[in-house]
Structure formats: C-alpha cells, structure tokens
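# Coordinates in review
Spelled out, the chains give:
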Amino acid sequence: MLRVAVVGSGPSGVYTAQALLNRSLVPEVRVHVLDRLPTPYGLVRYGVAPDHEKIKSLQNSLRAVLEDERVTFVGHVQIGGADGVPPARLAELYHAVVYCVGAAADRPLAVPGEDLPGSWSATRFVSWYSAHPDIAPDGFTLEARSAVVIGVGNVAVDVARILARGADELRATDVPRAALGALAGSRVREVHIAGRRGPSQARFTTKELRELGALPGARVVVDPAELAMDPAYAAQEGLPLPAVVRRNLDVLRGWSARGEPAAADAARRIRLRFFLRPVELLERGGRVAGVRFARTAPDGAGGVQDTGAYEDVEAQLVLRAVGYRGVELPGLPFDPVRGTVPHAAGRVLRDGVPSPGEYVAGWIKRGPTGVIGSNRSCAKETVASLIEDAPLLARRPAAEDPLAVLRAWGLRPVEWDGWLSIERAEAALGRSLGRGPVKIPDWQGLLAAARGEEG
Ligand code: NAP
C-alpha cells in the first residue's frame, strides 16, 4: 500500500489525487488530501466568481474524486507556518507528499501609497465576496463613487464585474450576507480598469471580456484613440495575431464605436483604459483619493515606454489586480524570484537534487498562470514522476494510520462528514434567507457547522 499525502484540495490537489487513482499502481494507493481550511476545492470555492456558476459546477467533478473510497479529505490541518505541521514531520507519515498549495499572496505594485486605506489587493476583495474565513465579513463598505482596478487580467475583469453588477443579480448565488448587503448599498458609479500596455497585450480572455458588456446596469466605455495607439490593433488585418487577441480586439472595437453613453443610459460605467502605468496612489484625508498614471506608448518590441505625460484618475477605492505570487512554506525549498518551489518534472529539488518523497503540482510548481484545466496536465506530469519512483518510495517508513498520529499531535481534522455538515448548514442558512445555499464566512461558524452545531 502506497500512502500519499496531497497538501491542498484545490484543482491541482484534486487532479493530483485523480491522476494517482487513474494509474494502475503496484502496490495499491491511498491518498489523503489535506487542507488548511475545513472546506475543500481551494480557489474553485474561494476564487471563482460567484456569478460564474458554470465554472463553479466543476466542484461536482472534484467532489467525485474526493468521495472515492481510496481518498480521504483531511481539512483543518495546516502544514508549515508557526502553528502548522512542519514538512519534515509530515514526511514521516506518508511514503510521498505532493504540495499543491497554490499561490496564496498577491504581487506587490511597489508604488508609493500602495498601502493607503481604500487600496486593496484584488485577491483580498475576491476572498471577501467569496466568504473566505481569513477575511472579515464586513471588510468592505463600498462607499466609493469611483474605483480603479489596476491590471488587465481575468482577476481585474472579475472584480470590475462584481463592482458593476447589481446586488439583485447576485442574490441567486452563494455570496455571503454581509458582502451582498455591502454590494446592495454600493455607491460605486465609475469603474476604471487600467492596463500599463496596449489592448493586444491584455491578459483577459474574450468570454470574460464580453461579459462586461452584458451587465444590465452598466455600459463599457473604450477610448478609440487608445486602441489606435496599439500597432497590432492598427495593422490587425495584416498581422498573424493569436486568436484570443484578435477576438479581444474585435470586442473592444465594437465598444469603442459606440462612444460615451448618455448620463441616463446606465447606472454604472466601466472604463477600459490602456497605456497607463501606475506610479503613485494619491492621498486625501488619510485615504486613497486617486491614482497617478504615467502615460505610456508602445516601444516597438511588445513593451511600453513612458511618454513623460501623466494622468490622475480619481478613486476612493483601488483594487490592485496585478497577479498572484507563491508563498514560501518553511521547510520546503523556495525560489523567491519565481515564487515557486524548484522542481524537475514535479520532483522537489533540494540543492538541485531530487528530494525523495517530495513533489509539487499546480501554481506552486509552475507559477500563477493558465486556466483551471491547465492543472490537469501539470498534475499528470508530477504523478508520472511519483509512479516512476514508487518502488523506492514504498520502502520508506510511513504511518499505518496518519490521521491518528495527527490527532495525537493535537490537531482536530475535519473529514468529509464534517464538510458535508458544513454544506447542510450553508443550505439551511440560505433557506432561512429565502436564497439558495449561502456561504458561512467565518472560522467559528465553519468549525461549528463541521461539528454539526446549530449556527
Ligand atoms: P494575470 O493574468 O497575470 O494579469 C495580471 C495583470 O497585471 C496584467 O495585465 C499585467 O500587465 C498587470 N501587471 C502586472 N504587474 C503590474 C504592475 N507593476 N503595474 C501595472 N500592471 C501590472 O493575473 P490575474 O488576473 O491575477 O490572473 C491569474 C490567473 O488566473 C490567470 O491565468 C487568469 O487567466 C486566471 N483566472 C482566470 C479566470 C477565469 O477564467 N474566469 C478568473 C480569474 C483568474 P503586463 O501584462 O503588462 O505584465
């Protein structure tokens, strides 16, 4: 029997477990999928926007893996960190450990004023409306009239859409109560999304971009002059552009042709801006009051250069959506520049040499890029390495009952039954509010629900 721990129950962790189950293994495999949270699914639960029901429904296929009899979900167990189980101790319990811990931090913007009140990482905002228990349920009040979202990736589009969407449309989702209340009382009227390069270099995908134009109470505004600055846009017909870029440009062209909407046309505006590099967050009365951008222009090599001109955009709320970053897990090697764990085909490298029994998959292996499905091939590669090593791994000592050892160490794991109990509590909470399931947004509530206590 080969005992494998997978640390992290997001897509990369569950796809790793699935790949292990799918390989005909000699000896047989048992997989424990550990998570710091008492809830499974990682960013599918706490990152995918609540109005993306189709992507959220991916939980059903992840669930089927976690319910396989060879898999055990072990929630509420922290690996690494001050109060966590050190990787070296975890290694004593399993023949192999696969770290699928994602990229938990946001990339810094590194400009003055970044930490002013009213300036937040978009990941924090996403965690808030996704009811992540590390974020206070009343963390955002949305009294701003103008918001700036920095970055033009899919996270930027997600947070801009949630800001621009009416709360009524989110009532049917699992958005927590406090966030729904704050969104209902939102005074936001203008949402600016700003990219430092041109539209052909934007990282959003077309489906996500189009959604902005389909919001009932909002109109998207694109400045044709900014599109025209992009050489790829101007010479589109003659250039072999990637399909996604061509489609994005088509959508943007359509919006730019409509011009500025009349005041009565829509409650909210989404202004998609390009060639604006943030240089400073402006302050008034101790809070953020705007963003100073350097105007940039194409440098002819895919990058941009400053033109010497500046533009200030008023904003009482700034969301920095400039990417995620992996976090060092003490006891595991870490490359601080790439924000990943050094590896060879998923085998963790210590001083350049594969470390027996230690593997990585997902964003902590390859960086925070790609769609959810990208984790499937990434996990397969890691599992192929693990299977290759299996004869040696099986000779390493491992605990007969790792869960009993974790309990003896003072941990209180939440197993699958506990998670099902949380699901029932969230359904009951939703019913009491006349809604579908509504997420429980705090640790105390989640752990009480896992124990089957009344909320
Ligand atoms: P991302 O796709 O890497 O986009 C980051 C954006 O921030 C880019 O526009 C980048 O511009 C900009 N940026 C980086 N540093 C900057 C700086 N110092 N100043 C100004 N702008 C800066 O990251 P993400 O949006 O966080 O998404 C992460 C991953 O999750 C992506 O693979 C994304 O597709 C995925 N995701 C998918 C969905 C979905 O499918 N619905 C939803 C959310 C996230 P440059 O290009 O100039 O560097």
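Assigned secondary structure in the protein chain consists of 18 helices and 18 strands. Over its C-alpha atoms, taken along the principal directions, the protein chain stretches across nearly 70 × 55 × 40 Å. Relative to its full complement of 455 residues, the protein chain shows a buried share of 54%. The contacts of the protein chain with a sequence gap of at least 6 include a subset with a gap of at least 24, amounting to 74%. Only carbon and sulfur atoms are counted for the fraction: they give 52% of the accessible area of the protein chain, which is about 19600 Å². For the protein chain, the distance from the average position of its 56 positive side-chain charges to the average position of its 52 negative side-chain charges is 2 Å.

Relative orientation of the contacting elements helix 17 (residues 416–432) and helix 18 (residues 443–450) amounts to 115 degrees, with a least axis distance of 7 Å. Comparing their axes, helix 18 and helix 17 come out roughly perpendicular. In this structure, helix 17 meets helix 18 at a crossing whose hand is right-handed. For the pair helix 17 and helix 18, contact is made by Gly418, Ser421, Ile422, Ala425 and Glu426 and by Leu446, Ala449 and Ala450, respectively. Class assignment of the residues belonging to the contact of helix 17 with helix 18 gives a composition of five nonpolar, two polar and one charged.

On to the sheet that holds strand 13 (residues 304–314), then. Spatially, 11-12-13 is the arrangement adopted by the three strands of the open sheet, whose pairing is antiparallel. The open sheet is flanked by strand 11 (276–284) and strand 13, the only strands paired with a single partner. Between one strand and the next, the sheet's axes are offset by a mean angle of 25 degrees, whatever the strand orientation. Here strand 11 runs beside strand 12 (residues 287–298); their pairing, made up of eight bridges, is antiparallel. Across the sheet, the residue bridging to proline 278 is phenylalanine 293, located in strand 12.

With that out of the way, let us pick up helix 7 (residues 154–164). By the criterion of burial, helix 7 is predominantly enclosed, with nine of the eleven residues buried. Within the sequence span of helix 7, burial applies to Ala156, Val157, Asp158, Val159, Ala160, Arg161, Ile162, Leu163 and Ala164.

Ranked by internal contacts, the top residues of the largest apolar core, which has 54 residues, are Trp128 and Leu272. Per-element accounting of this core gives the leading share, seven residues, to helix 7. Excluding anything up to four places from it in sequence, tryptophan 128 contacts Ile135, Ala136, Pro137, Asp138, Gly139, Phe140, Leu142, Pro176, Ala178, Ala179, Ala182 and Leu183.

Let us look at the site of the ligand. In the region of the ligand, 23 residues are neighbours, and Val152, Arg196, Arg197, Arg203 and Gly370 sit closest. Valine 152 places a main-chain nitrogen or oxygen 3.0 Å from an oxygen atom of the ligand. Valine 155 is positioned with one of its backbone polar atoms (N or O) 3.1 Å from an oxygen atom of the ligand. Take the shell around the ligand: its biggest share by element is three residues, from helix 7. When the residues that make up the shell around the ligand are grouped by side-chain class, the tally is ten nonpolar, seven polar and six charged. In terms of domain composition, the shell around the ligand takes at least three residues from each of domain 1 (2–104 + 326–414) and domain 2 (106–323).

In an α-helix there are 3.6 residues to a turn, and that puts residues three or four apart on one side. Most of helix 6 (residues 122–129) is tucked away, with seven of its eight residues classed as buried. Of the residues making up helix 6, those classed as buried are Ala122, Thr123, Phe125, Val126, Ser127, Trp128 and Tyr129. Directly beyond the C-terminal end of helix 6, a positive phi value near 65 degrees is found at alanine 131.

To continue, consider the domain arrangement of the protein chain. Domains assigned within the protein chain are domain 1 (2–104 + 326–414) and domain 2 (106–323). Listed per partner, the contact involves twelve residues of domain 1 and 19 residues of domain 2. Three residues, Tyr46, Pro50 and Asp51, lead the burial of domain 1 against domain 2; their summed loss comes to 47% of the area buried on that side. Along the contact surface separating domain 1 from domain 2 lie three salt bridges.

This part is about the sheet that holds strand 7 (residues 146–150). An order of 6-14-7-8-10-9 is seen for the six strands of this open sheet, with the pairing classed as parallel. The two strands at the open ends of the sheet, each matched to only one other strand, are strand 6 (119–121) and strand 9 (218–222). Sheet twist, expressed as the average angle between the axes of neighbouring strands with direction ignored, equals 20 degrees. Relative to strand 10 (residues 268–273), strand 8 (residues 190–194) is paired through five bridges, and the arrangement is parallel. If you follow valine 191 over to strand 10, its bridge partner there is isoleucine 270.

Right, let's get into the pairing of strand 18 (residues 353–360). Strand direction decides the pairing type here: strand 4 (residues 96–99) and strand 18, joined by three bridges, are parallel. Residue pairing for strand 18: tyrosine 99 is matched across the bridge by valine 360. Both strand 17 (residues 347–350) and strand 18 contribute to a ladder of three bridges, which runs antiparallel. Paired with leucine 349 across the bridge in strand 18 is proline 354. Remark: two residues form the turn of the hairpin made by strand 17 and strand 18, two consecutive strands paired antiparallel; aspartate 351 in that turn has positive phi of roughly 50 degrees.

Relative to the helices and strands, alanine 214 is located in the loop between helix 10 (206–212) and strand 9. A C-alpha to C-alpha distance of 36 Å links alanine 214 and lysine 365, two positions 151 residues apart in sequence.

Parameters at a glance
- Residues numbered from 1 in each chain as written.
- Predicted model: local features only at pLDDT ≥ 70, side-chain atom pairs only at ≥ 80, totals over all residues.
- Heavy atoms only, no water.
- Helix = DSSP H or I, 4+ residues; strand = E, 2+ residues; numbered from the N terminus.
- Buried < 20%, exposed > 50% of the residue type's maximum accessible area, 1.4 Å probe, protein only.
- Contact = heavy atoms within 4.5 Å.
- Areas by Shrake-Rupley, 256 points an atom, 1.4 Å probe, with all protein chains shown as cover.
- Lys, Arg positive; Asp, Glu negative; His and termini not counted.
- Charge placed at Lys NZ, Arg CZ, Asp CG, Glu CD.
- Axes fitted to C-alpha atoms, helices over the stretch in contact; angles between N-to-C directions.
- Parallel < 35°, antiparallel > 145°, perpendicular 65-115°, else oblique.
- Left-handed = near helix turned anticlockwise from the far one by under 90°.
- Nonpolar A, V, L, I, M, F, W, Y, C, P; charged D, E, K, R; others polar.
- Pairing = 2+ DSSP bridges.
- Core = buried A, V, L, I, M, F, W, Y, C linked by side-chain atoms within 4.5 Å.
- Near = heavy atom within 4 Å.
- Polar contact = N/O pair within 3.5 Å; in protein donor to acceptor, adjacent residues only side chain to side chain.
- Domains from an automatic or database assignment.
- Buried area = accessible area lost by both parts, 1.4 Å probe.
- Salt bridge = Lys/Arg side-chain N within 4 Å of Asp/Glu carboxyl O.

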